[in-house]
Amino acid sequence: MRWTSQFSAVDKLQIIEIEETLGVVFPKDFSDILRQYPLGSSEDEVIDFGQFKEKVFAGLLNVGEPDDLITVAKSMGDALPENTVPFGTDPFGNLFCFRWMNSGEPQVVYWDHETYGRTEDIEKSIFFVAASWKEFLSKLYTPA
């Protein structure tokens, strides 16, 4: 899988600082990609999960301005469940997030802002995508 970014690679310490600020530890293979391709996008940009077909993964959030991980995570406030941290977006303002359900590797979930706007139950706006970052990557594809 090829990744591209218009931004320069960042130092590993910047990723550690994000993790400490948000109180999480990202999967190592995610951290490696984020370091090399901040605000990056993948050549495979579509994913199917649950009721969603051909949902576009626009790319990763940044490790600095603009659209940085910390700012987006903090701006979400109570809109995201506890232990849920955004890492990427679709073209319409929805978020792909990590969600730590136990002490292991986080799941990948999708936060749909339109569903969130129609319900008071935060959980109804969260949709399971993959059991891990690695599984998430394996589900991405280029539409025919």
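Worth saying up front: this structure is predicted, and the values here are computed from it rather than measured.

**Student:** Explanation requested: the pairing of strand E8 (residues 107-111) in the structure shown.
**Tutor:** Each regular strand shows side chains that alternate between the opposite faces of the sheet. Across the 5 residues that make up E8, a large majority, 4, are buried. Judged from the 5 bridges that link them, strand E7 (residues 95-99) and E8 form a sheet pairing that is antiparallel. Across the sheet, residue Cys97 finds its bridge partner in E8, namely Val109. In terms of strand pairing, E8 meets strand E9 (residues 126-130) through 4 bridges, oriented antiparallel. Bridge pairing links Val109 to Phe128 in E9.

**Student:** Mind showing me how you'd approach the side chain of Asp112 here?
**Tutor:** Structurally, the position occupied by Asp112 is in the loop between E8 and helix H4 (113-118). In contact with Asp112, not counting residues within four places along its chain, are Asn94, Ser125 and Phe127.

**Student:** I'm lost on the packing of helix H1 (residues 12-22) against helix H2 (residues 28-36) in this one. Help?
**Tutor:** Packed helix pairs are characterised by how far apart their axes lie and by the angle those axes make with each other. Interaxial distance between H1 and H2 falls to 9 Å at its minimum, and their mutual angle equals 120 degrees. In terms of orientation, H1 lies oblique with respect to H2. Crossing of H1 over H2 shows right-handed handedness. Residues Lys12, Ile15 and Glu19 of H1 pack against Ser31, Leu34 and Arg35 of H2. Here the contact of H1 with H2 is built from residues that sort into 2 nonpolar, 1 polar and 3 charged.

**Student:** For this particular structure, what's the right way to read the pairing of strand E4 (residues 52-56)?
**Tutor:** With 3 bridges joining them, strand E3 (residues 46-49) and E4 adopt antiparallel strand pairing. Bridged to Val46 within E4 is Val56. Connecting E3 to the next strand, E4, in antiparallel fashion are 2 residues, including Gly50 with a positive phi near 50 degrees.

**Student:** In this structure, what is going on with H1? I would like to understand it.
**Tutor:** Residues of H1 that are buried include every one of Ile15, Ile18 and Glu19, and no others. Seen from one end, H1 has its buried residues packed into an arc of 95 degrees, which puts them on one side. H1 presents Leu13, Glu17 and Glu20 as exposed residues on the side facing more than 90 degrees away from its buried surface. Residues of H1 that are buried make contact with H2 and helix H3 (69-76). Between the side-chain oxygen of the N-cap and the backbone nitrogen of Leu13 there are 2.6 Å, and the N-cap of H1 in question is Asp11.

The rules behind these values
Residues numbered from 1 in each chain as written. Predicted model: local features only at pLDDT ≥ 70, side-chain atom pairs only at ≥ 80, totals over all residues. Heavy atoms only, no water. Buried < 20%, exposed > 50% of the residue type's maximum accessible area, 1.4 Å probe, protein only. Helix = DSSP H or I, 4+ residues; strand = E, 2+ residues; numbered from the N terminus. Pairing = 2+ DSSP bridges. Contact = heavy atoms within 4.5 Å. Axes fitted to C-alpha atoms, helices over the stretch in contact; angles between N-to-C directions. Parallel < 35°, antiparallel > 145°, perpendicular 65-115°, else oblique. Left-handed = near helix turned anticlockwise from the far one by under 90°. Nonpolar A, V, L, I, M, F, W, Y, C, P; charged D, E, K, R; others polar. Arc of directions from axis to C-beta. Polar contact = N/O pair within 3.5 Å; in protein donor to acceptor, adjacent residues only side chain to side chain.

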